[in-house]
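Summary of structural features
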Amino acid sequence: DAGVIQSPRHEVTEMGQEVTLRCKPISGHNSLFWYRQTMMRGLELLIYFNNNVPIDDSGMPEDRFSAKMPNASFSTLKIQPSEPRDSAVYFCASSLLQGYEAFFGQGTRLTVV
Amino acid sequence: DQQVKQNSPSLSVQEGRISILNCDYTNSMFDYFLWYKKYPAEGPTFLISISSIKDKNEDGRFTVFLNKSAKHLSLHIVPSQPGDSAVYFCAAPDNYGQNFVFGPGTRLSVLP
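Residues numbered from 1 in each chain as written. Chains lettered and ligands numbered in written order. Predicted model: local features only at pLDDT ≥ 70, side-chain atom pairs only at ≥ 80, totals over all residues. Heavy atoms only, no water.

With that settled, consider a nonpolar patch on the surface. A grouping of A:Leu96, A:Leu97 and A:Tyr100 is seen on the molecular surface, where their side chains present a nonpolar patch of about 270 Å² in accessible area. Within the element layout of this structure, A:Leu96 appears in the loop between β9 (88-95) and β10 (103-104). (Patch = residues over 30% accessible without salt bridge, like charges linked within 9 Å, V, L, I, M, F, W, Y side chains within 5 Å. Areas by Shrake-Rupley, 256 points an atom, 1.4 Å probe, with all protein chains shown as cover. Salt bridge = Lys/Arg side-chain N within 4 Å of Asp/Glu carboxyl O. Helix = DSSP H or I, 4+ residues; strand = E, 2+ residues; numbered from the N terminus.)

Written out as structure tokens, the structure is:
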């Protein structure tokens, strides 16, 4: 398996623009997670899905952030409108089941100018 | 809420010596813990786990120890190699046992 695949690897956008990050989890994994890594807050969980259903989105910082998982092999994280403080590395991860170790993608480095 | 602390932001060790990375947590309702390793520009990679039925788990040069009464775990790397230089994250279960809360990480530098 190719592992968790994220795209794009890098994204530079202007403040106010919409940004969409994409993720393909490992085939057969039932749980999917979106994390954000910053210097100040480290690795923080934004939202996770179980069997394509959002379970906990309490980590989503604001209503500008939204995530979807239309099927078992694809998820998106959208920021609209983007702001400079959204600049961070965003990771997607998947695990076989809830409570098991997650496998991470390579991340998307987002820069909002 | 579960809190995970890694009090050493960085650690430098000579090649061939032992590296010891420490982690403390607050909520012991679920006893299954993980260590991840992260290289620059890559995602964290799962390294080793431990559950409460053991107090030690070994995988090659990596050994994780769990002290449940102290709510403390540690990762030992011996012998350390330059390729081990990375950021190491400890992760503990959240309050519901459904996800993991990550510590802030320890940057390990193994000097040749």
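Moving on: the environment of A:Ala93. Residues and elements named next belong to chain A. Looking at the secondary structure, you find Ala93 in strand β9. Looking at Ala93, the relative accessible area reads 0%, which means it is buried. In sequence terms Ala93 and Gln106 are 13 residues apart; their C-alpha atoms lie 9.3 Å from each other. In this view, Ala93 contacts Ser31, Leu32, Phe33, Tyr35, Ala102, Phe103 and Phe104; residues no more than four positions away in its chain are not counted. (Buried < 20%, exposed > 50% of the residue type's maximum accessible area, 1.4 Å probe, protein only. Contact = heavy atoms within 4.5 Å.)

This part is about the packing of aromatic side chains. Counting across every chain of the model gives 13 aromatic pairs over all chains. Each ring, one from A:Phe104 and one from B:Phe102, has its centre 5.9 Å from the other, and the planes form 85°; the classification is edge-to-face. In this pair, A:Phe104 is assigned in strand β10 and B:Phe102 in strand β10 (residues 100-102), connecting two distinct chains. A:Phe104 gets classed as buried once you look at its relative accessible area, which sits at 11%. (Phe/Tyr/Trp six-rings, centres within 6.5 Å; stacked < 30°, edge-to-face > 60°.)

Turning our attention to the sheet that holds strand β1 (residues 4-5) of chain B. Read across the open sheet, the five strands follow the order β1-β3-β8-β7-β6 (chain B); overall the sheet is antiparallel. Since the sheet does not close on itself, it has two edges, and those belong to β1 and β6 (56-59) of chain B, each with one partner. (Pairing = 2+ DSSP bridges.)

What follows covers the nonpolar core. What tends to happen in soluble globular proteins is that the nonpolar side chains get buried as a cluster. Grouped together as the largest cluster of nonpolar side chains are 22 residues, with contacts concentrated most on B:Trp35, B:Leu73, B:Leu75 and B:Tyr88. Of all the elements in the fold, those that place two or more residues in this core are β3 (19-25), β4 (32-38), β5 (45-51), β7 (62-67), β8 (72-77), β9 (86-93) and β11 (106-111) of chain B. Per-element tally for this core: the top contributor is β9(B), with four residues. Leave out the neighbours within four places in its chain, and B:Tyr88 touches B:Gln6, B:Leu21, B:Trp35, B:Tyr36, B:Lys37, B:Leu47, B:Phe62, B:Leu75, B:Ile77, B:Gly105, B:Thr106 and B:Leu108. Grouped together as the second largest cluster of nonpolar side chains are 21 residues, A:Phe49, A:Phe65, A:Leu77 and A:Val112 included. (Core = buried A, V, L, I, M, F, W, Y, C linked by side-chain atoms within 4.5 Å.)

What follows concerns the pairing of β6(B). Taken residue by residue, a regular strand's side chains alternate between the two faces of the sheet. In the sheet, β6(B) pairs with β7(B) via four bridges, with the strands oriented antiparallel. Across the sheet, B:Lys56 pairs through a bridge with B:Phe65, a residue of β7(B).

With 15 residues of chain B at the contact, the number on the chain A side is 17 residues. Both faces considered, chain B and chain A share a buried interface measuring about 1,400 Å² in area, 56% of it formed by carbon and sulfur atoms. Of all residues in chain B, B:Gln98, B:Asn99 and B:Phe102 bury the most surface against chain A, accounting for 34% of the area lost on that side. Counting across the interface, chain B meets chain A through zero salt bridges. At the boundary of chain B with chain A, the tally comes to five residue pairs in polar contact (both at pLDDT 80 or more). Looking at the side of chain B that touches chain A, the elements that each hand over two or more residues are β4 and β10 of chain B. (Buried area = accessible area lost by both parts, 1.4 Å probe. Polar contact = N/O pair within 3.5 Å; in protein donor to acceptor, adjacent residues only side chain to side chain.)

Where the residue is not glycine, phi is negative for most of them; where a peptide bond is considered, it is trans in most cases. Residues and elements named next belong to chain A. Of note, the amide linkage connecting Ser7 to Pro8 takes the cis form, showing an omega dihedral of -10°. Mapped onto the fold, Pro8 is located in the loop between β1 (5-7) and β2 (10-13). A cis amide bond links Gln80 with the next residue in sequence, Pro81, at an omega value of -5°. Topologically, Pro81 is positioned in the loop between β8 (74-79) and β9. Despite not being glycine, Asn52 shows a phi value in the positive range, around 75°. In this fold, Asn52 is placed in the loop between β5 (42-50) and β6 (53-56). For Asn52, a relative accessible area of 28% puts it in the partly exposed group.

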